[in-house]
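Structural characterization, general
Here is how the chains run, residue by residue.
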Amino acid sequence: MRITVLIENTPAEGLYHEHGLSLWLEHRDRGYLIDTGASGHFFDNARTLGVPVETAKAVIISHGHNDHVGGLERFLQEVDSTAPVLIRTAAFDDFRCVKSDGTEEDIGFDVELINRYSDRFCVLGDGHASLGNDVYLIGDHTQGGPYGSLDKTLKVLRPEGLVPDPFKHEQTVVVEGDDGALTLISPCSHSGIVNIVEDVRRLIPSRTVRNIIGGFHLMGPAGINSTNCPPGYCSEVINGLADLGVEQIWTGHCTGLPALRAMSACDALEVHPLQTGMSIDL
Ligand SMILES: [Fe+2]
Ligand SMILES: [Fe+2]
């Protein structure tokens, strides 16, 4: 299995970078595009890196925030592909970020895409899905508890007003490797990465999540050099993951640099930074 980071927050020579994430998963001769970043530049990077995104068996959208789905329109317009776009019903909600000064930002995407490309979308409701090839999509993640979302700015606009986002739009990719161990790809982990791993453990009790790739949404509202978590929280997360059998993580994007540094300082498991253009072989 190989995961290539098509775009992420970190700069890399000769490649675009942005606040967003797009990953290419290759597993047993099949490719899957997981998220499309914010702008569509993932596609420029894919061409530079020689990643054949046009051969994708599916485009998986982890959730409905624009830093993950903003490049989808370009994929649908420009890439010679008939790959289905696997997305949750709730991803079409009206997502807002409400900052502490009261300003509101639309962080959803152009939901009209589903009308313009109706034959391309495969909209999933509740539950989980097998894509074959030992690749699974897990939804309906547990919310709350000690490892639930720490971000109070993320809302959904409903007829009655803004309500906290219940993250029903989030889905996680689980891949079983040849050795039976699981790799979890969780681009933003809004439900909380420990909650997500516990969900997978409940659903697939005979297998252990050994590797995690993704963002953990521990970045604060002031950007990549800020954090939204209290002191000591990062080591609690790392220890929680290690207790569940996780051995290695690659994290970046919405994790933020302070949380990445705090996690890297823990020795319960191996922590690696995610970087634009890198490939991970597992
Ligand atoms: Fe997000
Ligand atoms: Fe994100």
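Residues numbered from 1 in each chain as written. Chains lettered and ligands numbered in written order. Predicted model: local features only at pLDDT ≥ 70, side-chain atom pairs only at ≥ 80, totals over all residues.

**Description of the overall build of the protein**
Scanning the protein from terminus to terminus reveals seven helices and 20 strands. Radius of gyration (C-alpha) of the protein: 17 Å, near the 19 Å computed for a compact globule of 282 residues. Expressed as lengths along the three principal axes of its C-alpha atoms, the size of the protein is roughly 50 × 45 × 40 Å. Here the protein holds 282 residues, and 45% of them are scored as buried. The long-range share in the protein, meaning contacts at least 24 apart out of those at least 6 apart in sequence, stands at 71%. (Helix = DSSP H or I, 4+ residues; strand = E, 2+ residues; numbered from the N terminus. Rg over C-alpha atoms; globule rule 2.2 N^0.38 Å. Buried ≥ 20, exposed ≤ 12 C-beta atoms within 10 Å, placed from the backbone. Contact = placed C-beta atoms within 7 Å.)

**Section: the environment of Ala-46**
Positionally, Ala-46 belongs in helix α1 (residues 41-49). Counting along the chain gives 31 residues from Ala-46 to Leu-15, while the straight-line C-alpha distance between them is 9.2 Å. Excluding residues within four positions of it along the chain, Ala-46 makes contact with Leu-6, Trp-24, Val-51 and Val-53.

**Section: the environment of His-217**
Along the chain, His-217 turns up in the loop between β15 (209-214) and β16 (219-220). For the pair His-217 and Asn-228, spaced 11 residues apart in sequence, the C-alpha to C-alpha distance is 8.3 Å. Setting aside its immediate chain neighbours within four residues, His-217 contacts Asp-151, Cys-188, Ser-189, His-190 and Cys-254.

**So, the pairing of strand β6 (residues 95-98)**
For β6 and strand β11 (residues 154-158), the ladder comprises three bridges, and the chain directions are antiparallel. Bridging across to β11, Arg-96 finds its partner in Lys-155. As defined by bridge partners, β6 adjoins strand β7 (residues 104-106) across three bridges and the pair is classed as antiparallel. Counted as the bridge partner of Cys-97 is Glu-105 from β7. Between the antiparallel neighbours β6 and β7 lie five residues, among them Gly-102 with a positive phi of about 90 degrees. (Pairing = 2+ DSSP bridges.)

**Notes on the packing of helix α6 (residues 233-243) against helix α7 (residues 257-264)**
Where α6 meets α7, the axes come as close as 9 Å, and the angle between the chain directions of the two elements is 55 degrees. Classified by the interaxial angle, the pair formed by α6 and α7 is oblique. For the element pair α6 and α7, the recorded crossing hand is right-handed. Contacts from Cys-234, Ser-235 and Ile-238 of α6 reach α7 at Ala-259, Ala-262 and Met-263. Across the contact of α6 with α7, the residue classes break down as five nonpolar, one polar and no charged. (Axes fitted to C-alpha atoms, helices over the stretch in contact; angles between N-to-C directions. Parallel < 35°, antiparallel > 145°, perpendicular 65-115°, else oblique. Left-handed = near helix turned anticlockwise from the far one by under 90°. Nonpolar A, V, L, I, M, F, W, Y, C, P; charged D, E, K, R; others polar.)

**Notes on the sheet that holds β11**
Spatial strand order, β7-β6-β11-β12: four strands in an open sheet with antiparallel pairing. At either margin of the open sheet sits one strand with a lone partner, and together these are β7 and β12 (161-164). Ignoring which end each strand starts from, the neighbouring axes of this sheet average 40 degrees apart. Where β11 lies against β12, four bridges are found, and the strand directions are antiparallel. Each bridged residue has a counterpart across the sheet, and for Arg-158 the counterpart in β12 is Gly-161.

**Observations concerning α6**
All of the buried residues along α6 are Cys-234, Val-237, Ile-238 and Leu-241. Buried positions in α6, seen along its axis, are confined to an arc of 95 degrees and lie on one side of it. Summarising the contacts, the buried residues of α6 are in contact with α5 (193-203), β18 (248-251) and α7. A positive phi of about 100 degrees marks Gly-245, the residue just after α6. (Arc of directions from axis to C-beta.)

**So, the nonpolar core**
The tendency in soluble globular proteins is for nonpolar side chains to be buried as a group. One finds Leu-23, Leu-25, Val-59, Ile-61, Leu-184 and Val-197 to be the most contacted residues of the largest nonpolar core, which totals 70 residues. Here this core gets five residues from one element, more than from any other, and that element is α5. (Core = buried A, V, L, I, M, F, W, Y, C linked by C-beta atoms within 7 Å.)

**Side note on the sheet that holds strand β1 (residues 2-7)**
Taken together, the seven strands give an open sheet; going across it, the order is β8-β5-β4-β3-β2-β1-β20, and neighbouring strands pair in mixed fashion. A strand with exactly one partner marks an edge of an open sheet, and here the two such strands are β8 (121-124) and β20 (279-281). Recorded for the sheet is a direction-independent mean angle of 25 degrees between the axes of neighbouring strands. With two bridges connecting them, strand β4 (residues 58-60) and strand β5 (residues 85-88) associate as parallel partners. Residue Ile-60 lies in a different strand from β5, and its bridge partner there is Leu-86. Where α1 meets the sheet, its contacts fall on β1 and β2 (22-27), and the angle it forms with β1 comes to roughly 125 degrees.

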